[in-house]
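Take a look at the letters that make up each chain.
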Amino acid sequence: MSDDLFAPRVPEEVANRRPLADRLRPRTLSEVTGQDHLTGEDGILRRMIDSGSLGSMIFWGPPGTGKTTVARLLSGEAGLAFEQISAIFSGVADLKKVFEAARLRRMDGRQTLLFVDEIHRFNRAQQDSFLPVMEDGTVILVGATTENPSFELNAALLSRARVLTFKSHDDESLEELLKRAETTEGKTLPLTNDARASLLRMADGDGRAVLTLAEEVWRAAREEETFDTEGLTRIVQRRAPVYDKAQDGHYNLISALHKSVRGSDPDAALYYLARMFDAGEDPLYLGRRLVRMAVEDIGLADPQALVICNAAKDAYDYLGSPEGELALAQACVYLATAPKSNAVYTAFKAATMAAKQNGSLLPPKHILNAPTKLMKGEGYGEGYRYDHDEPDAFSGQDYFPEKMGRQTFYDPPERGFERDIRKRLEWWAKLRKERNQR
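Residues numbered from 1 in each chain as written. Predicted model: local features only at pLDDT ≥ 70, side-chain atom pairs only at ≥ 80, totals over all residues. Heavy atoms only, no water.

1. Some words on the overall build of the protein
Note the cut-off: A run of H or I in DSSP becomes a helix once it reaches four residues, and a run of E becomes a strand once it reaches two; helices and strands are each numbered from the N terminus. The rule is simple: take the accessible area with a 1.4 Å probe, protein chains only, and divide by the maximum for that residue type; under 20% is buried, over 50% is exposed, in between is partly exposed. In this description, contact between two residues means that some pair of their heavy atoms is separated by no more than 4.5 Å. Note that accessible areas follow from Shrake-Rupley with a 1.4 Å probe, and for residues the cover is restricted to the protein chains shown.
Each helix and strand in the protein was counted, giving 22 helices and five strands. Across its three principal axes, the protein shows a C-alpha extent of roughly 100 × 60 × 40 Å. The 438 residues of the protein split such that 41% are buried. A sequence separation of at least 24 residues applies to 72% of the contacts in the protein between residues at least 6 apart. As displayed, the protein offers around 25,000 Å² of accessible surface, 51% of which is attributable to carbon and sulfur atoms.

Spelled out as structure tokens, the structure:
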């Protein structure tokens, strides 16, 4: 957990049975791959070490990017005691023990780097417990999280810690890890070039995963055997995409899908839709999101968009998987290629704000019904003109409360079906002006 200076020596034959990812764990910051913006010569962490001053930090990034390793290396290079806990297995009592040990260590002149894995899993009160020991310098907190700190961590904690983003490994850094593994094992991976490229894709940016997959290949390979892509897939199966339907990856992909549709890019939209299907997203959730896009981003520029999305949702409900996914894909492409307008969306927000700001204003009396003599005597319904009896079926009356005056919320653009709506509104505005001047 903490300093392992006096830990018993592990026999070499036992040590060699440790997982490959553990055996290849970097021993210095310079050996860390894929995070040059943090650990490279001009990286933020290297500058902190060189300046002799470390502050509390939150490491944010996907699994297998080196967050735990970097925290341990930081403590070593800065000469700090290292304590590690996991929010999954620790409670308030564990935190108190760690804080007390850090206080005693500080009295002896040594500061503690406390690494908290999955820090976002601590509740608000538990997160607040870190604040006093951070402020008085008892610990330098390094929290690791795969979730967006802005959503998962207290503002008070974030104000005292710098957020550093860890990036997924690219193919180049994953390839470097494979070469290190081959050097350590003293043999090359028995894969064709295409299979090797496929293995990198399966790792999905996770350094630990690429080494685990490599280890599986070596275990499965017989002497002189080389796997092609099909053989690799059969041996290691297929690693599920890094995606949690209730967490950050979910929101990132749905945001990418929505913005691709809004940006009229059907290819990108289909790609993100396929990724979410592949990750096991609920197709009916995607159907509901497509309906939302139809009303928010297409609107009356193409009134058929909402009809088609509802039909696609119903088609999936009727057909099920996998046939029903095609209906949702068709709706997705329709939305991406439709003319775009958020005029109704914008108008509704403006009207909602006006409704909240102006209170309970009475509509003009001429458009109110008068079912009783009293109401008729008060002028309810007096002067109302029935539009169907007017020329062009348009009376031009004012329907807003008198204290508000006439307002304009809806401003249709010159695109799609709304081009026709705009012409209609301009014609009615002209008639209204003429008839109200009489």
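2. Notes on the packing of aromatic side chains
The test is simple: Planes of paired rings set the category: under 30 degrees apart is stacked, over 60 is edge-to-face and the rest tilted, where pairs are Phe, Tyr or Trp rings (Trp by its six-membered ring) whose centres lie within 6.5 Å.
Here the structure, examined in full by the defined rule, presents seven aromatic pairs. Put simply, the rings of Phe99, Phe122 and Phe130 pair up and form one aromatic cluster.

3. Let's talk about a nonpolar patch on the surface
Spelled out, the test is: Patches were defined on residues exceeding 30% relative accessible area and lacking a salt bridge, with like-charge contacts within 9 Å and nonpolar side-chain contacts (Val, Leu, Ile, Met, Phe, Trp, Tyr) within 5 Å. For this analysis, a salt bridge means a side-chain nitrogen from Lys or Arg found within 4 Å of a carboxyl oxygen belonging to Asp or Glu.
Residues Tyr384, Tyr386 and Tyr399 make up a contiguous nonpolar surface patch of about 320 Å² in total accessible area. Tracing the sequence through the fold places Tyr399 in the loop between α21 (373-377) and α22 (418-436).

4. Describing the packing of helix α12 (residues 193-203) against helix α14 (residues 229-236)
Here is the rule we go by: With axes taken as lines fitted to C-alpha atoms, and helix axes fitted only over the stretch in contact, angles between N-to-C directions fall between 0 and 180 degrees. Note on angle classes: values under 35 degrees are labelled roughly parallel, values over 145 roughly antiparallel, values of 65 to 115 roughly perpendicular, and the remainder oblique. Only Asp, Glu, Lys and Arg are considered charged in this grouping, and only Ala, Val, Leu, Ile, Met, Phe, Trp, Tyr, Cys and Pro are considered nonpolar; every other residue, Gly among them, is considered polar.
In the contact formed by α12 and α14, the axes pass within 8 Å of each other and the chain directions differ by 40°. Relative to α14, the element α12 lies oblique. Taken together, the residues of α14 that come into contact with α12 (itself represented by Asp194, Ala195, Ser198, Leu199 and Met202) are Thr229, Leu232, Thr233 and Val236. For the contact of α12 with α14, the class distribution of residues is five nonpolar, three polar and one charged.

5. Here's the deal with the sheet that holds strand β5 (residues 162-165)
Counted only if it meets this: Any two strands with at least two DSSP bridges between them are considered paired.
Spatial strand order, β2-β3-β4-β1-β5: five strands in an open sheet with parallel pairing. Strands with a single pairing partner mark the edges of an open sheet, and in this sheet they are β2 (81-86) and β5. Across the sheet, the mean angle from the axis of one strand to that of its neighbour is 20°, orientation sign disregarded. Relative to β5, strand β1 (residues 57-60) is paired through four bridges, and the arrangement is parallel. Opposite Ile58, over in β5, you have Val163 as the bridge partner.

6. Comments concerning the packing of helix α17 (residues 283-298) against helix α18 (residues 304-319)
Where α17 meets α18, the axes come as close as 9 Å, and the angle between the chain directions of the two elements is 175°. Here α17 lies roughly antiparallel to α18, going by the angle between them. When α17 is examined against α18, the residues Pro283, Leu284, Leu290, Val291, Ala294, Val295 and Ile298 are found in contact with a partner set consisting of Ala305, Leu306, Cys309, Asn310, Lys313, Tyr316 and Asp317. Tallied by class, the residues present in the contact of α17 with α18 amount to eleven nonpolar, one polar and two charged.

7. What to know about helix α5 (residues 67-78)
Rules: What a helix should span is 1.5 Å times the count of its residues minus one.
Taking 1.5 Å per residue as the helical rise, α5 with its twelve residues ought to reach 16 Å, and the 17 Å between its terminal C-alpha atoms agrees with that figure. For α5, the complete set of buried residues consists of Lys67, Thr69, Val70, Ala71, Leu73, Leu74 and Ser75. Next to the buried residues of α5 lie α3 (36-39), α4 (44-51), β1, β2, β3 (112-117) and β4 (139-145). Remark: Gly79 follows α5 within two positions and exhibits a positive phi of approximately 70°.

8. Some words on the pattern of salt bridges
Under the definition given, this model contains 25 salt bridges. For Glu390, the salt bridge is made with Arg385, and the minimal N-O distance between the two is 3.6 Å. Here Arg385 falls in the partly exposed class, since its relative accessible area comes to 29%. The salt bridge partner of Glu434 is Lys430, with a shortest N-O separation of 3.1 Å. Linking Glu434 with Lys430, this pair stays in helix α22, spanning four residues, or about one helical turn.

9. As for the nonpolar core
Note the following rule: Only buried Ala, Val, Leu, Ile, Met, Phe, Trp, Tyr and Cys residues count toward a nonpolar core, and they belong to the same one when joined by side-chain atoms within 4.5 Å.
In terms of nonpolar packing, the biggest core is built from 25 residues, with Leu257, Val261, Leu286, Leu290, Cys309, Cys332 and Leu335 touching the most fellow members. Elements with a contribution of two residues or more to this core: α15 (248-262), α16 (266-278), α17, α18 and α19 (323-337). For this core, the element with the highest residue contribution is α17, accounting for seven residues. The next biggest cluster of nonpolar side chains, apart from the first, holds 23 residues, and it includes Leu24, Leu191, Leu213 and Phe227.

10. Some points on the pairing of β3
Put simply, the rule is: Note on handedness: a crossover is taken as right-handed if, strands pointing away from the viewer, the path from the first strand over the helix to the second is clockwise.
The buried count for β3 comes to five of six residues, which makes it a mostly enclosed element. Two strands pair when backbone bridges link them, and β2 and β3 are joined in this way by six bridges, in the parallel orientation. Following the sheet pairing, Ile85 is matched in β3 by Val116. This β-α-β element, β2 to helix α6 (residues 92-107) to β3, shows right-handed connectivity. Two strands pair when backbone bridges link them, and β3 and β4 are joined in this way by five bridges, in the parallel orientation.

11. As for the pairing of β1
By the bridge criterion, four bridges tie β1 to β4 in an arrangement that is parallel. Bridging from a neighbouring strand, Ile58 pairs with Gly143 of β4.

12. A short note on helix α11 (residues 171-185)
A rise of 1.5 Å per residue sets the reference length of α11, with its 15 residues, at 21 Å; its end C-alpha atoms lie 21 Å apart and thus fit the reference within 8%. For α11, every residue scored as buried is listed here: Ser173, Leu174, Glu175, Leu177, Leu178, Ala181 and Glu182. Tucked inside the fold, the buried residues of α11 contact α2 (20-23), α12 and α13 (207-220). Within two residues after α11, Gly186 carries a phi angle of roughly 70°, on the positive side.

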